[in-house]
Every structure is written in structure tokens, then in C-alpha cells.
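Overview (structure and organization)
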Amino acid sequence: MLKITPYLGIIILIVSIGGLWFPKLGYFLLIVFATLLAIAPFRGRWFCGNLCPRGSFNDFWLGKITFKKNIPKFFRSLWLRIPVFIAMMGFMFFRLITVEKLVDKIGMVFVIMCIVTTLIAILFGISIAPRTWCSFCPMGTVQNWLGKGKYTIKFDKSKCIDCGICNKVCPMQLTVNQITHNPDCIKCGRCISACPKKALKF
Ligand code: SF4
Ligand code: SF4
Ligand code: SF4
């Protein structure tokens, strides 16, 4: 996690609320999409754990008011991820080709996407766990596909004392024996910092 990561969440509120008056703010989403697509082939979901404003919002805002339940396995399955991916991309492209080609109208398409996904993230973030949305977010799924096997965590089993701290601090609720190959690891490094035996590293 970068030093700036905890402060990025405010951008979500700026785009979701400010975008209603200044639709051009919606274009910020294009910067987000371009950045994560550029990083994913080399570092997998690193963007999710370090630079994503919504990821930061989920961890550091929703994390204060969540019920902290287990994220249901179904939320990580392709049975949910693929329909969500198709629905969101379908909505975005449909609106982009049907909306009048005005800078503000196009910007508003992205603002609406930001508002809808923020509301879903808040609903699940409070009622289940902060990163529930990130388990099936279309942009997380894309990074998962593009960056499978990249920048993985190395686990030294000989040093591990099975204390389980790494599992507890993982915002994606991954378990230590899946960390080395799980493409849903967002490379936040919290498990590495928390491990008392230095059994984990990138
Ligand atoms: S899964 Fe989506 S919302 Fe969550 S951190 Fe990644 S890109 Fe951001
Ligand atoms: S925190 Fe370190 S020592 Fe504890 S279970 Fe995880 S890897 Fe093992
Ligand atoms: S396994 Fe470690 S680096 Fe990956 S998401 Fe969980 S805490 Fe972050």
C-alpha cells in the first residue's frame, strides 16, 4: 500500500456528487480505466490495492462502519462476475452510442456509472465487508484475467507458525495458502507487513 492510498477515497465522492453539477468529472473514470489496464499485465490487481479511489473508499470509509462478515463465495464466482461485467459494459457502450455526442452528456454517462457502482459498493460494504464489491467489480475481473500469475506473493512455509494474522488483515479475505497464486490478491502488502515471521514477500 502506498502512503497516498488511504486518501484516494475522497475522489469517489467528488466524482459521484460533484459530477451531477460538473459532468466532465466523469472523464476521471477513463483515466482510472486506462491506468489499471496499463498496470494489470505486469502487476495483476496491484491498482486495486494501491491506487483505486473506490478501493480506498471501501477500505478506509466503509471499513469504519461495516458489519465485517465473510464475503460469500458466490460473489467471487464467474456466475456473478460475467453477468455483472456484461451488464456494466453493455450499459456503458449502449449509453455512449445513443447519447448525444456532447462532452457533458458523455461525461454524465460515466458519472451515473460511478454513482450506481458506489451505491452498490456502500450497500454490500456495510452489510457484508468493505471489499465485497471488489470481489465482482468488472474492472477487478479484467485485471484478474490480464494479470494472472503476475507479481505474486512468495510464501515460505518453513517460517510460518500458522498464527493466521495474514488472513485476518487481508481486505479481500484470502487465506494464506491461496495467497501465492490467487489472482484476486490486490497486492496491498498488508499480510506481508503483519506477518511476525517474515514468511511472506513479493
Ligand atoms: S475491484 Fe474495482 S473498485 Fe475494487 S479496487 Fe479494483 S478496480 Fe477498484
Ligand atoms: S502471518 Fe505469517 S506466520 Fe502467521 S500464518 Fe500468516 S504467513 Fe504464517
Ligand atoms: S493476500 Fe496480502 S497482499 Fe494480497 S490482498 Fe490479501 S493482504 Fe493484500
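Computed from a prediction, not measured in an experiment: that's the story for all the values here. Residues take numbers from 1 onward in each chain, read along the sequence in its written order. Written order decides the labels, with chains lettered from A and ligands numbered from 1. Totals for whole chains, interfaces and linings use every residue, but because this is a predicted model, local features are given only for residues with pLDDT of at least 70 and side-chain atom pairs only at 80 or more, for both listing and counting. To get the side-chain values, all heavy atoms of the structure are used, and hydrogens and water are removed first.

Some words on the overall build of the protein
The cut-off we apply is this: Segments assigned H or I by DSSP are reported as helices when at least four residues long, segments assigned E as strands when at least two residues long, and all are numbered from the N terminus. With the radius of gyration taken over C-alpha atoms, the globule rule is written as 2.2 Å times the number of residues to the power 0.38. The classification of residues rests on relative accessible area computed with a 1.4 Å probe and restricted to protein chains. Under 20% of the type maximum is buried, over 50% is exposed, and intermediate values are partly exposed. Here a residue-residue contact requires only that any non-hydrogen atoms of the pair lie within 4.5 Å. Only the protein chains shown count as cover for residues, and all accessible areas are computed by the Shrake-Rupley method using a 1.4 Å probe. Working convention for charge: Lys and Arg count positive, Asp and Glu count negative, and His plus the chain ends are omitted. Where a charge lies is defined by one atom per residue type, namely NZ (Lys), CZ (Arg), CG (Asp) and CD (Glu).
The helix and strand inventory of the protein stands at 11 helices and two strands. In the protein, the order of α-helices and β-strands from amino to carboxyl end is α-α-α-α-α-α-α-α-β-α-α-α-β. Relative to a compact globule of 202 residues, whose C-alpha radius of gyration would be 17 Å, the protein shows 17 Å and is just as compact. By principal-axis analysis of the C-alpha atoms, the protein measures approximately 60 × 30 × 30 Å. Counting over 202 residues, the protein shows a buried share of 47%. The long-range fraction of contacts in the protein, counting pairs at least 24 apart against all pairs at least 6 apart in sequence, stands at 80%. Accessible surface for the protein amounts to roughly 10,700 Å². Of this, 71% is attributable to carbon and sulfur atoms. Where the 26 positive side-chain charges of the protein centre and where its 6 negative ones centre are 5 Å apart.

Points about the site of ligand 3
Here is the rule: To be near a molecule or strand, a residue needs just one of its heavy atoms within 4 Å of it. Each residue is assigned to one of three groups, with Ala, Val, Leu, Ile, Met, Phe, Trp, Tyr, Cys and Pro labelled nonpolar, Asp, Glu, Lys and Arg labelled charged, and all others, Gly among them, labelled polar.
Inspection of the region around ligand 3 gives Ile-153, Cys-170, Pro-171, Ile-179, Cys-185, Ile-186, Lys-187, Cys-188, Gly-189 and Cys-191 as its neighbouring residues. Residues of the shell around ligand 3, tallied by class, amount to eight nonpolar, one polar and one charged.

A closer look at the site of ligand 2
Close to ligand 2 lie Phe-155, Cys-160, Ile-161, Asp-162, Cys-163, Gly-164, Cys-166, Val-176, Cys-195, Pro-196, Ala-199 and Leu-200, which account for all nearby residues. Partitioned by chemical class, the residues of the shell around ligand 2 number 10 nonpolar, one polar and one charged.

Some points on the domain arrangement of the protein
What counts is decided by this rule: Delimitation of the domains relies on an automatic or database domain assignment. Buried area: the sum, over both parts, of the accessible surface (1.4 Å probe) that disappears when the two are put together.
By domain assignment, the protein separates into domain 1 (5-148) and domain 2 (152-202). Computed over C-alpha atoms, the centres of domain 1 and domain 2 are 25 Å apart. Taken together, the contact pairs 20 residues of domain 1 with 11 residues of domain 2. In this assembly, domain 1 packs against domain 2 so that about 1,100 Å² is buried in total across both faces, 48% of it on carbon and sulfur atoms. It is Arg-45, Arg-76 and Arg-131 that lose the most area in domain 1 upon contact with domain 2, and together they represent 39% of the buried surface on that side.

Topic: the packing of helix 4 (residues 53-60) against helix 6 (residues 103-127)
The condition is simple: Fitting a line to C-alpha atoms yields each axis, with helices limited to the stretch in contact; the angle taken between N-to-C directions then spans 0 to 180 degrees. Angular relationships are summarised with four words: roughly parallel below 35 degrees, roughly antiparallel beyond 145, roughly perpendicular across 65 to 115, and oblique for the angles in between. Handedness of a helix crossing follows the sense of rotation of the near helix relative to the far helix, less than a right angle counterclockwise being left-handed and clockwise being right-handed.
At their nearest, the axes of helix 4 and helix 6 sit 11 Å apart, and the two run at 25 degrees to each other. In terms of axis orientation, helix 4 runs roughly parallel to helix 6. Crossing of helix 4 against helix 6: the hand is right-handed. Here Arg-54, Phe-57 and Asn-58 of helix 4 come into contact with helix 6, specifically with Cys-114, Thr-117, Thr-118, Ala-121 and Ile-122.

A closer look at a nonpolar patch on the surface
Which entries qualify depends on this criterion: The residues that make up patches have over 30% relative accessible area and no salt bridge, and they are joined within 9 Å when like-charged or within 5 Å when they are Val, Leu, Ile, Met, Phe, Trp or Tyr. When a carboxyl oxygen of Asp or Glu lies within 4 Å of a side-chain nitrogen of Lys or Arg, that pair is called a salt bridge.
A contiguous nonpolar patch, built from Ile-17, Leu-20, Trp-21 and Phe-22 and spanning about 500 Å² of accessible area, is present on the exposed surface. Of note, Leu-20 is situated in the loop between helix 1 (10-18) and helix 2 (28-43). Owing to a relative accessible area of 47%, Leu-20 belongs among the partly exposed residues under this scheme.

So, the packing of helix 1 against helix 4
At a minimum axis separation of 7 Å, helix 1 and helix 4 run at an interaxial angle of 115 degrees. The orientation of helix 1 relative to helix 4 falls into the category roughly perpendicular. Residue-level inspection shows Ile-11, Ile-12 and Leu-13 of helix 1 in contact with helix 4, the latter providing Pro-53, Arg-54 and Phe-57. The residue makeup of the contact of helix 1 with helix 4, split by class, is five nonpolar, no polar and one charged.

Comments concerning the nonpolar core
To keep things clear, this is the line we draw: Residues belong to a common nonpolar core when they are buried Ala, Val, Leu, Ile, Met, Phe, Trp, Tyr or Cys residues joined through side-chain atoms within 4.5 Å.
One finds Leu-29, Met-92, Trp-133, Ile-153, Cys-191 and Leu-200 to be the most contacted residues of the largest nonpolar core, which totals 50 residues. At the level of elements, helix 1, helix 2, helix 3 (46-50), helix 5 (78-98), helix 6, helix 7 (132-136), helix 10 (176-179) and helix 11 (190-194) are the ones that each hand at least two residues to this core. Looking at which domains feed residues into this core, each of domain 1 (5-148) and domain 2 (152-202) gives three or more. The contacts of Cys-191, once residues within four sequence positions are left out, are Ile-153, Cys-166, Val-169, Ile-179 and Leu-200.

A word on the side chain of Thr-132
Here Thr-132 is to be found in helix 7. What makes Thr-132 buried here is its relative accessible area of 0%. For Thr-132, the contacting residues outside a window of four places in its chain are Ile-71, Phe-75 and Phe-124.

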